[in-house]
Amino acid sequence: YTDARHGSLRTLTPQELARVVAIWRDRSAELWSDERHAFVMVFENRGPEVGATMAQPHGQIYAFDHLPPSIERKADSHRAHREASGGCLSCAVAGRDAASDREIISSAHFSISVPFAARWPYEVHLRARRHGLRRLTDLTGAEATALSRGLREIVCAYDSLFGFDLPYMMVAQEAPAGCDDWHLAF
């Protein structure tokens, strides 16, 4: 993300972080435009404990010609919820999390909370509140700014837990093709 030899989303300036989100949007849009791609995954890992091989702030993007099993199960759950209730599962989850004591950062554009059934220690989800914000390319200017701020706040909170840069894995979960109820999440 920068020429800095060490750092993270916490150490980037607001302008640098806005540029990172713009790059994610641009690269993601290009990959989604290829019909061979069924799923695009922007991600960042920090720390050798989670597989990062360099300390320089960086990210990666994978494009798959199929849905990974976990994404396929989530897409199926979204469809099943729509069929059973007539509503959007992502809207329900974002609303439920925002109304609970699990919400850790208040944001007009995103629900930032500890999930009901966390799979990992210190797991945090950032989920779009707006129905229709399915992918990075759907972000408005205000939402892109809020995303940058939210991700930075999460990393700052992680780093303040124990007084060192906490290793993490952060994955953008964009909507697979045909999954209209999916909300962009990290």
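Engineer: Explanation requested: a nonpolar patch on the surface in the structure shown.
Structural biologist: Together, Y122, L161, F162 and F164 make up a nonpolar patch on the protein surface, roughly 410 Å² of accessible area in all. Relative to the elements of secondary structure, L161 occurs in helix α4 (residues 141–162). For L161, a relative accessible area of 41% corresponds to the partly exposed category.

Engineer: Would you mind showing me how to read the sheet that holds strand β4 (residues 110–113) here?
Structural biologist: Strands pair in a sheet through their backbones, by hydrogen bonds, and they do so in one of two ways: parallel or antiparallel. The three strands lie next to each other as β3-β4-β5, forming an open sheet whose pairing is antiparallel. What marks the edges here is a single partner per strand, and that holds for β3 (103–105) and β5 (125–128). Strand-to-strand twist across the sheet, computed as the mean angle between neighbouring axes with direction ignored, equals 45°. One ladder, built from two bridges, connects β3 with β4; its direction is antiparallel. Within β4, the position partnered with E103 by the bridge is S113. Sheet strands touched by α4: β3, β4 and β5. Its angle to β4, the strand with the most contacts, is close to 5°.

Engineer: Looking at this structure, how should I read the sheet that holds strand β2 (residues 60–64)?
Structural biologist: Ordered in space as β2-β1-β6, the three strands form an open sheet in which the pairing is antiparallel. Of all strands in the sheet, those with a lone pairing partner are β2 and β6 (168–171), marking the two edges. The mean angle between the axes of side-by-side strands here comes to 25°, regardless of whether they run parallel or antiparallel. Bridge analysis of strand β1 (residues 39–46) against β6 gives four bridges, and the strand direction is antiparallel. Bridging from a neighbouring strand, R46 pairs with Y168 of β6.

Engineer: In this structure, what is going on with the pairing of β5? I would like to understand it.
Structural biologist: Residues in a regular strand project their side chains so that they alternate between the two faces of the sheet. Neither face of β5 is left uncovered, since the one carrying H125 and R127 and the one carrying L126 and A128 both have all their residues buried. The pairing of β4 with β5 spans four bridges and is classified as antiparallel. Across the sheet, the residue bridging to S113 is H125, located in β5.

Engineer: Please explain the nonpolar core as it appears in this structure.
Structural biologist: Core analysis: the largest hydrophobic core is formed by 29 residues, its most contacted members being W24, F110, L139, L147 and F186. Those elements that provide at least two residues to this core are α1 (14–32), β4, β5, α4 and β6. Here the element with the most residues in this core is α4; it accounts for seven residues. The residues touching W24, leaving out its near neighbours within four places in the chain, are Y1, V42, L136, L151, M170 and F186. V40, F43, I71 and W182 belong to the second-largest nonpolar core, a separate cluster that totals ten residues.

Engineer: Would you take a moment to explain helix α2 (residues 69–85) for this structure?
Structural biologist: Since the α-helix advances by 3.6 residues per turn, residues separated by three or four positions end up pointing in the same direction. In this model, α2 (17 residues) spans 24 Å end to end at C-alpha, consistent with the 24 Å of a helix rising 1.5 Å per residue. Within α2 the residues assigned to the buried category are I71, A75 and H78. Within α2, the buried residues cover an arc of 55° as seen down the axis, which keeps them to one side. Facing away from the buried side of α2 by over 90 degrees, the exposed positions are P69, R73, E83 and A84. Contact partners of the buried residues in α2: β1 and α3 (89–98). Looking one or two residues beyond α2, the residue adopting positive phi is G86, at roughly 80°.

Engineer: Help me understand α4, please; the structure alone is not making it clear to me.
Structural biologist: With 22 residues, α4 should cover 32 Å at 1.5 Å per step; its first-to-last C-alpha distance of 34 Å lies within 8% of that length. Among the residues of α4, E143, A144, A146, L147, S148, G150, L151, I154, V155, Y158 and D159 are the ones counted as buried. Buried residues belonging to α4 abut α1, β1, β3, β4, β5 and β6. The first or second residue beyond α4 is G163, which carries a positive phi of 80°.

Rules of the game
Residues numbered from 1 in each chain as written. Predicted model: local features only at pLDDT ≥ 70, side-chain atom pairs only at ≥ 80, totals over all residues. Heavy atoms only, no water. Patch = residues over 30% accessible without salt bridge, like charges linked within 9 Å, V, L, I, M, F, W, Y side chains within 5 Å. Areas by Shrake-Rupley, 256 points an atom, 1.4 Å probe, with all protein chains shown as cover. Salt bridge = Lys/Arg side-chain N within 4 Å of Asp/Glu carboxyl O. Helix = DSSP H or I, 4+ residues; strand = E, 2+ residues; numbered from the N terminus. Buried < 20%, exposed > 50% of the residue type's maximum accessible area, 1.4 Å probe, protein only. Pairing = 2+ DSSP bridges. Axes fitted to C-alpha atoms, helices over the stretch in contact; angles between N-to-C directions. Contact = heavy atoms within 4.5 Å. Core = buried A, V, L, I, M, F, W, Y, C linked by side-chain atoms within 4.5 Å. Expected span 1.5 Å × (residues − 1). Arc of directions from axis to C-beta.

Everything listed here is a matter of geometry and, on its own, says nothing about what the molecule does.
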